[in-house]
Amino acid sequence: MMSSNQQGEIAKGLEGVVAAETKIGFVDGINGRLVYRGYNIEDLVEKSNFEEVAYLLIYGKLPTLTDFKQFKDNLNLKAGISEDLFSIISKTTQKSHPMSALRTAVSYQGAFDPLSSNSDLKSQEKMGLSIMGSFPSIVAAINRSIKGEGRVVSKSTDYVEKFLEESFGRKPSDFEKEVMRVALIIHADHGMNASTFASMVTISTLSDMYSAVTSAVSSLKGPLHGGANEKSLEMLEKIGSPKNAEKVISEMLEKKEKIMGFGHRVYKVYDPRAKILKVYAKQLAEKTGHKDLFDTAEEVEKVMVSKLGSKGIFPNVDFYSGIVYKSLGFDSKIFTPIFALARISGWFARSFEYLHDNRLFRPRSLYKGEVGPLKYLPINERKQ
Ligand SMILES: CC(C)(COP(=O)(O)OP(=O)(O)OC[C@H]1O[C@@H](n2cnc3c(N)ncnc32)[C@H](O)[C@@H]1OP(=O)(O)O)[C@@H](O)C(=O)NCCC(=O)NCCS
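The structure reproduced in this document is the subject of the present report. All of these numbers come straight from a predicted model, not from anything done at the bench.

Right, let's talk about the site of the ligand for a bit. The full set close to the ligand counts 18 residues, and Ile 259, Gly 261, Phe 262, Lys 311 and Asn 316 are the nearest of them. Contact between the ligand and Phe 262: a nitrogen atom at 2.8 Å from a main-chain N or O atom of the residue. When the ligand sits alone it has 870 Å² of accessible area, and the protein chains cover 64% of it. Considering only residue class, the shell around the ligand consists of eight nonpolar, four polar and six charged.

Take a look at the structure:
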């Protein structure tokens, strides 16, 4: 007889399953809107800064001046990271993927924070703030280590400025800061994606915030999640010129290949984040001698929309972000850690929200194996 554990519908990849309630963010795939706590991202991009958006996601409202000052003090951006951690990041980056270095860095910090034995809300909040405050220095350290460069310490208490200054070893221009501010705001949160879900699963066991973020980083590392912008840029560089776009894209589509940076599980219209980034990609590419790359992208977009727009396939955020980061001077290896630099706010906000009404995540799988009972044979009686 079948037990109840062998019955049930499978929602592969949990597609369409609603597993939690949230007030943090809403991805409106039909109307092409991304909303953080009721605010359109376009409005936040125009008027806000990254720390304020992070506060909004975590605490549910825009901060007052006093709230904001307290939040900045709690992030303690000035502190940066220790020399020890820089050296570990440096060693890890030489041997492995930059996301492995990021994962190790978060885990290392957790190992030295006595709060990580606690699971009460106050401790989780403190850990979240301290992880987020260390991210600009950690990601900058990974960026420098990739290029074999030494440590730079910036005393800036601005999230974006500190990251850029420690990455490049010079004061960033106002335009560079603006572009990075926008990129971080639009990547801050995006529904219950794989890395956010991973952080929520971990925190739901009443583990600590370092462990939750380590899980999230591990999950963002995969090319199906964090790596599409790198692949999209690679493809544009291979296409090389707008005049090759039609031919190359048609051939790829004939071979049933996926064009990186197009299509989305939720958006069936133009991704609002791609619309915002495209404007900056154009300005930056023109300023930094990458105009041909942008023109190629625009031509690829034209070809793709004419061929697949009717199926709801449009550019997603990853299509233009690679051009933006490359034009800012970043190597493609650092694109996914930059994604994490923004998404740490969403991971923290959503794990923290979930903890307020926690229930352990525990789906089941449908057993398709032998039910038995089979007769156990000692090892020397089994057939070779
Ligand atoms: C993101 C993605 C996984 C969404 O997939 P999805 O919701 O399952 O979309 P579907 O597979 O239902 O797409 C519908 C149709 O469009 C096609 N399609 C979707 N994205 C495509 C792409 N990037 N290039 C070419 N064709 C694409 C599908 O092959 C399918 O064709 P069919 O009707 O002939 O079977 C998919 O669009 C993709 O792989 N994109 C490229 C990777 C990428 O940019 N990822 C970053 C996302 S932010």
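Applying the stated rule across the entire model yields one cavity of 30 Å³ or more. Considered as a void within the structure, the largest cavity measures approximately 80 Å³ in volume. If you trace the largest cavity, you find it lined by Gly 80, Ile 81, Phe 86, Ser 137, Ala 140, Ala 141, Arg 144, Arg 151, Val 152, Val 153 and Glu 166. Looking at which element gives the most residues to the lining of the largest cavity, the answer is helix H6 (residues 121–146), with four residues. Across the lining of the largest cavity, the residue classes break down as six nonpolar, two polar and three charged.

An ideal rise of 1.5 Å per residue puts 18 Å on 13 residues; helix H4 (residues 83–95) measures up with 19 Å between its terminal C-alpha atoms. Of all the residues in H4, the buried ones are Leu 85, Phe 86, Ile 89, Ser 90, Thr 92 and Thr 93. In this fold, the buried residues of H4 make contact with helix H5 (98–111) and H6.

Time to look at the packing of helix H2 (residues 50–59) against H6. In the contact formed by H2 and H6, the axes pass within 13 Å of each other and the chain directions differ by 160 degrees. Accordingly, the angle class assigned to the pair H2 and H6 is roughly antiparallel. The crossing of H2 and H6 is right-handed. Contacts between H2 and H6 pair Phe 50, Ala 54, Ile 58 and Tyr 59 from the former with Glu 125, Leu 129 and Met 132 from the latter. Looking at the contact of H2 with H6 residue by residue, the classes come out as six nonpolar, no polar and one charged.

Turning next to the pairing of strand S2 (residues 33–36). Sheet topology note: the strand S1 (residues 25–28)/S2 ladder contains four bridges and is antiparallel. For Asp 28, the partnering residue across the bridge sits in S2 and is Arg 33. The hairpin turn running from S1 into S2, its antiparallel successor, is four residues long, and Gly 32 in that turn takes a positive phi close to 65 degrees. Strand direction decides the pairing type here: S2 and strand S3 (residues 39–40), joined by two bridges, are antiparallel. Opposite Tyr 36, over in S3, you have Tyr 39 as the bridge partner.

A separate point is helix H13 (residues 272–287). Spanning 16 residues, H13 covers 24 Å between terminal C-alpha atoms, matching the ideal 22 Å at 1.5 Å per step. Looking at H13, one finds that the buried residues are Pro 272, Arg 273, Ala 274, Ile 276, Leu 277, Lys 278, Tyr 280, Ala 281, Leu 284 and Ala 285. Those residues of H13 hidden inside the fold are in contact with S2, helix H1 (41–47), helix H8 (174–186), helix H14 (291–308), helix H15 (317–328) and helix H16 (335–355).

So, on to the packing of aromatic side chains. How two aromatic rings sit relative to each other is set out by the distance from centre to centre and by the angle between their planes. Taken as a whole and assessed by the stated rule, the structure comprises 15 aromatic pairs. An aromatic cluster is present here, built from Phe 262, Phe 294, Phe 319 and Tyr 320 joined pairwise through their rings. Looking at Lys 287, its charged tip hangs above the ring of Phe 175, at a distance of 4.7 Å from the centre.

Below, the discussion takes up the environment of Asp 331. Along the chain, Asp 331 turns up in the loop between H15 and H16. What makes Asp 331 partly exposed here is its relative accessible area of 33%. For the pair formed by Asp 331 and Thr 104, sequence separation is 227 residues and the distance between their alpha carbons is 21 Å. From its side chain, Asp 331 meets the backbone nitrogen of Lys 333 in a polar contact 2.9 Å long.

With that out of the way, let us pick up the sheet that holds S2. Strand pairing in a sheet relies on backbone hydrogen bonds. The paired strands run either parallel or antiparallel. The sheet built from three strands is open, its strands ordered S1-S2-S3 with antiparallel pairing. Each edge of the open sheet carries a strand with a single partner, namely S1 and S3.

A few words now on the packing of H5 against H16. Contact pair H5 / H16: the axes reach a minimum separation of 8 Å and the direction vectors enclose 35 degrees. With respect to the hand of their crossing, H5 and H16 are arranged in right-handed fashion. Counting all contacts with H5, which are made through Pro 98, Met 99 and Leu 102, the residues of H16 involved are Thr 336, Pro 337 and Ala 340. In terms of residue class, the contact of H5 with H16 is made up of five nonpolar, one polar and no charged.

A few words now on unusual backbone geometry. Between Gly 372 and the following residue, Pro 373, the backbone shows a cis peptide bond with an omega angle of 5 degrees. Even without glycine at this site, Leu 14 takes up a positive phi of about 60 degrees. Since its relative accessible area comes to 37%, Leu 14 is described here as partly exposed. Unlike most non-glycine residues, Arg 37 shows phi in positive territory, near 50 degrees. Summarising the element assignment, Arg 37 is placed in the loop between S2 and S3.

Conventions and cut-offs
- Residues numbered from 1 in each chain as written.
- Predicted model: local features only at pLDDT ≥ 70, side-chain atom pairs only at ≥ 80, totals over all residues.
- Heavy atoms only, no water.
- Near = heavy atom within 4 Å.
- Polar contact = N/O pair within 3.5 Å; in protein donor to acceptor, adjacent residues only side chain to side chain.
- Areas by Shrake-Rupley, 256 points an atom, 1.4 Å probe, with all protein chains shown as cover.
- Nonpolar A, V, L, I, M, F, W, Y, C, P; charged D, E, K, R; others polar.
- 1 Å grid on protein atoms, 1.4 Å probe; cavity = no way out; pocket = protein on both sides within 12 Å on 5 of 7 lines; lining within 4 Å.
- Points joined across faces, edges and corners; volume = space filled by probe spheres on them.
- Helix = DSSP H or I, 4+ residues; strand = E, 2+ residues; numbered from the N terminus.
- Expected span 1.5 Å × (residues − 1).
- Buried < 20%, exposed > 50% of the residue type's maximum accessible area, 1.4 Å probe, protein only.
- Contact = heavy atoms within 4.5 Å.
- Axes fitted to C-alpha atoms, helices over the stretch in contact; angles between N-to-C directions.
- Parallel < 35°, antiparallel > 145°, perpendicular 65-115°, else oblique.
- Left-handed = near helix turned anticlockwise from the far one by under 90°.
- Pairing = 2+ DSSP bridges.
- Phe/Tyr/Trp six-rings, centres within 6.5 Å; stacked < 30°, edge-to-face > 60°.
- Lys NZ or Arg CZ within 6 Å of the ring centre and 35° of its normal.

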